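What the coordinates show
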Protein chains: 2
Amino acid sequence: MKLAVDAMGGDNAPAEIILGAIQAVKKYPCEIVLVGDENKIRDVLKEEPDWENLPLTIKHADEIITMGEHPADAVRNKKNSSIVVATQMVKSGECDAVLSAGSTGASAAAAQLILKRIHGIGRPAIATPIPTSKGVTLMLDSGANVDSKPEHLVQNGIMGALYVEHVFGKKNPRVGLLNIGEEETKGNEQAKETYQILKNMTTINFAGNAEGRDITEGDFDVVICDGFVGNVVLKFGEGLAMTILKLIKEAIEDGGVTAKLGALLLMPTLNNLGKRLDVSEYGGAPLLGVNGYCVISHGRSDAKTICSAIGAANDYVHSNILEHIKAALDTELLATGDKG
Amino acid sequence: MKLAVDAMGGDNAPAEIILGAIQAVKKYPCEIVLVGDENKIRDVLKEEPDWENLPLTIKHADEIITMGEHPADAVRNKKNSSIVVATQMVKSGECDAVLSAGSTGASAAAAQLILKRIHGIGRPAIATPIPTSKGVTLMLDSGANVDSKPEHLVQNGIMGALYVEHVFGKKNPRVGLLNIGEEETKGNEQAKETYQILKNMTTINFAGNAEGRDITEGDFDVVICDGFVGNVVLKFGEGLAMTILKLIKEAIEDGGVTAKLGALLLMPTLNNLGKRLDVSEYGGAPLLGVNGYCVISHGRSDAKTICSAIGAANDYVHSNILEHIKAALDTELLATGDKG
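With that settled, consider the sheet that holds strand β11 (residues 293-296) of chain A. Residues and elements named next belong to chain A. If you trace the 11 strands from one edge of the open sheet to the other, you get β3-β2-β1-β4-β11-β10-β5-β6-β9-β7-β8, paired in mixed fashion. Edge positions in the open sheet fall to β3 (56-60) and β8 (205-210), since each of these has one partner strand only. In this sheet, adjacent strand axes meet at a mean angle of 25 degrees when their direction is disregarded. In this sheet, strand β6 (residues 136-140) lies alongside strand β5 (residues 125-131) in antiparallel orientation, the contact comprising five bridges. Bridge pairing in β6 places T128 opposite M139. The sheet contacts of helix α11 (residues 303-318) involve β1 (2-6), β2 (31-36), β4 (97-100), β10 (285-288) and β11, and relative to β11 the element is tilted by about 155 degrees.

Given below as structure tokens:
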């Protein structure tokens with residue numbers, strides 16, 4: 001797999017992005033093109049004197065899209081920005097996939113404008129793996145689109161189920177609709193209409209409404225929702241986990257010698273658990289629904305997260321999921337009489 | 001304060017509800033009417049032989065509204081259900097407030113149909129206190145209504161700010177709009193329109209958009225949102241906290257003698273922290289926007305939670321918040337030219 005990595009995107013770019021890429025080319029069978037300001041990239045690469053012997057190359061791009069910019073406008077106007085150049089390399093066939101930890105909006109806009117949507121997909125979705133007590137649940141959309149129509153949520157269900165099947169290797173995944181109650185009459189208009197479409201579908205294993213607490217229970221393999229709700233939930237989860245951790249640390253600090261000794265003895269166990277729950281172990285989230293492989297990483301990604309994300313991108317590309325999604329969509333369109 | 005308690009509502013009703021009421025009348029200056037099946041209530045009261053010397057009475061109601069029923073239909077049809085009878089006691093002036101741990105939908109429907117909405121409020125909202133790293137944030141609406149219009153969210157802001165000021169005693173509370181980004185251009189149509197109204201208001205201290213992770217950071221005193229999003233967030237938080245706890249316990253079980261000893265030493269510290277984060281310490285959530293004091297408790301409430309909720313109801317009634325909300329709404333309506 002040949003991957004275009006946006007070296008300039010993310011809070012810790014370019015250093016952590018590049019160090020993550022170096023780790024990844026040593027760990028996974030892949031070739032990486034670092035896209036961005038060549039001088040800045042070379043500066044970081046000095047830390048790895050032999051880098052030219054690694055499957056790493058540089059593609060210069062002198063513009064950067066920042067977090068505050070309007071994504072679609074910025075993608076249209078900054079043709080030489082690292083994310084646009086990296087995405088163009090997938091479009092031209094030079095690379096198999098693109099990865100960025102920069103503005104999520106800009107990554108999604110570049111993918112939509114340059115790679116275009118898959119025929120039959122109204123809106124692409126970000127599919128985020130969430131650690132649960134039983135494994136991983138894929139939640140989508142976690143922020144690519146808001147005010148989605150029921151058919152967009154249904155498309156999220158189709159894409160999410162195929163992803164779980166072909167990338168995570170789980171057959172017949174259980175798909176849940178994020179809602180505020182179990183009964184099919186519950187929820188807002190969007191959820192109620194979506195339920196009615198899903199319950200009659202035979203192509204996905206619809207397992208009913210998933211309430212907020214079901215996400216981490218792990219009884220659903222895929223949870224589908226509007227990007228507004230998904231994004232709020234994801235960031236709330238991050239914040240809650242960080243707050244709990246912070247309060248535990250403070251409590252231990254204030255807890256005297258006994259508490260500190262207890263914490264010390266418990267540390268290896270908690271570190272192992274932390275590793276299992278650490279989202280950075282899962283790396284990036286794929287943007288599903290565009291004509292190409294695009295992976296979005298967290299803005300706060302460090303080298304380890306980027307390395308994991310590249311590993312995930314590797315599995316993603318090798319799963320050939322794009323072709324599976326296209327085939328499934330063609331079947332759906334055929335069934336609904338749209339030959340478009 | 002005289003409180004009508006729905007003795008039949010909740011997963012642990014009637015026993016835990018009644019035991020909680022007994023604890024509360026001993027702890028707070030209040031009088032309680034237990035509403036529900038008299039025989040079943042008397043059965044539980046046997047555990048407290050001297051109960052007739054406590055400020056406790058029984059009001060018989062022989063019907064129950066269950067979780068699966070359509071809330072408004074059930075309230076209309078089951079005139080003698082515990083929640084309807086309890087709410088009627090507030091309407092008639094016999095009681096100052098009503099509390100239930102039964103179907104949230106039924107409590108909210110009974111309050112709306114019997115007590116009616118405050119003039120100027122389009123939709124009542126459930127205001128849930130969420131523990132944060134700095135104290136408590138009030139989130140509303142957490143599930144009374146979905147598909148809210150921007151003006152409903154604005155009304156949530158007005159009511160939430162008054163609640164924090166008059167019940168929690170915090171002056172000039174910071175109000176945030178739950179959204180997927182800080183910038184005012186971010187979000188779905190509902191959030192973008194709400195932002196435009198809020199930013200021009202002088203009656204509340206609008207502090208901008210709050211992202212999911214800001215809820216537990218504690219930088220906002222009030223976070224307003226649609227009931228669909230609020231309910232999902234609340235249940236997700238519950239699920240996540242329970243999952244983390246479960247995984248920590250499992251990790252300790254598997255961690256051998258060292259981990260178990262560490263856990264033992266750390267236990268008192270973690271128990272203190274757990275108590276601070278325990279939502280049952282906060283008891284119930286008020287339904288704001290109706291003409292009367294109505295408190296909704298978690299379906300899984302035990303006696304301790306019910307006792308705390310009764311304490312919260314006591315503060316709530318004594319705050320005279322209803323009159324403050326009415327006065328603020330009249331000012332808003334006057335300002336916007338609606339004299340209705």
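The next thing to look at is the packing of aromatic side chains. Residues and elements named next belong to chain A. Within this structure, the stated rule accounts for eight aromatic pairs over all chains. Between Y163 and F168, the ring centres sit 5.5 Å apart and the planes meet at 80 degrees, which makes this aromatic pair edge-to-face. The exposure class assigned to F168 is partly exposed, which follows from its relative accessible area of 39%. Pairwise contacts between aromatic rings join Y163, F168, Y293 and Y316 into one cluster. Over the ring of F220 we find R174; its NZ or CZ atom is 5.5 Å from the centre of that ring.

A few words on the relation of the copies chain A and chain B. When chain A is fitted to chain B, the residual RMSD is 0.0 Å, and the transformation amounts to a turn of 180 degrees plus an axial shift of 0.0 Å. Given the turn and translation reported, the copies of this chain are related as if by a two-fold rotation axis. When C-alpha positions in chain A are compared against the rotation axis, the closest is assigned to G262(A), at 1.9 Å. Looking at the interface residues of chain A, 100% of them are also at the interface in chain B, so both copies use one shared face.

So, about the sheet that holds strand β1 (residues 2-6) of chain B. Two pairing modes exist for strands in a sheet, parallel and antiparallel, and in both the strands are linked by backbone hydrogen bonds. Residues and elements named next belong to chain B. Taken in spatial order, the 11 strands of this open sheet run β3-β2-β1-β4-β11-β10-β5-β6-β9-β7-β8, and their pairing is mixed. Whereas interior strands pair on both sides, the edge strands pair on one side only; in this sheet they are β3 (56-60) and β8 (205-210). Pairs of neighbouring strands in the sheet enclose a mean axial angle of 25 degrees, with direction left out of account. Pairing of strand β5 (residues 125-131) with strand β10 (residues 285-288), which is carried by two bridges, proceeds in the antiparallel orientation. Bridging from a neighbouring strand, A125 pairs with L288 of β10. On top of the sheet, helix α5 (residues 104-115) reaches β4 (97-100), β5, β10 and β11 (293-296); it is set at about 175 degrees to β11, its chief contact. Along the sheet face, helix α6 (residues 150-166) touches β5, β6 (136-140), β7 (174-178), β9 (222-224) and β10 and points at about 165 degrees away from the line of β9.

What follows covers the pairing of β10(A). Residues and elements named next belong to chain A. The two faces of β10 match: A285 and L287 on one face and P286 and L288 on the other face are all buried. Examined bridge by bridge, β10 and β11 share two bridges and lie antiparallel to one another. In the sheet register, P286 faces β11, and the bridge partner there is V295. With antiparallel pairing between neighbouring strands as the criterion, β10 and β11 make up a hairpin whose turn holds four residues, including G289 at a positive phi of roughly 115 degrees.

Moving on, we get to the environment of N209(B). All names here are of chain B. When you line up the elements, N209 lands in strand β8. Taking the C-alpha atoms as reference points, N209 and P71, 138 residues apart in sequence, are found 33 Å from one another. Discounting chain neighbours no more than four positions away, the residues touching N209 are L177, N179, G181, E182, E183, E184, Y195, D214 and F220. Among the polar contacts listed, one links the side chain of N209 to the backbone oxygen of G181, at a separation of 3.1 Å. At 3.1 Å, the side chain of N209 forms a polar contact with the backbone oxygen of E183.

So, on to helix α6 (residues 150-166) of chain A. Its 17 residues place the ends of α6(A) 25 Å apart at the C-alpha level, agreeing with the 24 Å of an ideal helix rising 1.5 Å per residue. By the criterion of burial, α6(A) is predominantly enclosed, with 14 of the 17 residues buried.

The next thing to look at is unusual backbone geometry. The amide bond that connects L140(A) to the next residue, D141(A), takes the cis arrangement and shows omega of 10 degrees. Counting through the fold element by element, D141(A) comes out in the loop between β6 and α6. Here A13(B) and P14(B) are connected by a cis peptide whose omega angle stands at -5 degrees. A positive phi angle, near 70 degrees, is found at K116(B), a position not held by glycine. Look at N172(B): it is not a glycine, yet its phi comes out positive at around 50 degrees. Looking at where N172(B) falls in the secondary structure, it is placed in the loop between α6 and β7. For N172(B), a relative accessible area of 55% translates into the label exposed.

By size, the foremost hydrophobic cluster in this structure holds 161 residues, and its most contacted members are I32(A) and I32(B). I32(B) has contacts with L3(B), V5(B), A21(B), A24(B), V25(B), P55(B), L56(B), T57(B) and I310(B), leaving out every residue within four places of it along the chain.

Criteria and thresholds
Residues numbered from 1 in each chain as written. Chains lettered and ligands numbered in written order. Predicted model: local features only at pLDDT ≥ 70, side-chain atom pairs only at ≥ 80, totals over all residues. Heavy atoms only, no water. Pairing = 2+ DSSP bridges. Helix = DSSP H or I, 4+ residues; strand = E, 2+ residues; numbered from the N terminus. Axes fitted to C-alpha atoms, helices over the stretch in contact; angles between N-to-C directions. Contact = heavy atoms within 4.5 Å. Phe/Tyr/Trp six-rings, centres within 6.5 Å; stacked < 30°, edge-to-face > 60°. Buried < 20%, exposed > 50% of the residue type's maximum accessible area, 1.4 Å probe, protein only. Lys NZ or Arg CZ within 6 Å of the ring centre and 35° of its normal. Least-squares fit on C-alpha atoms with pLDDT ≥ 70 in both. Polar contact = N/O pair within 3.5 Å; in protein donor to acceptor, adjacent residues only side chain to side chain. Expected span 1.5 Å × (residues − 1). Core = buried A, V, L, I, M, F, W, Y, C linked by side-chain atoms within 4.5 Å.

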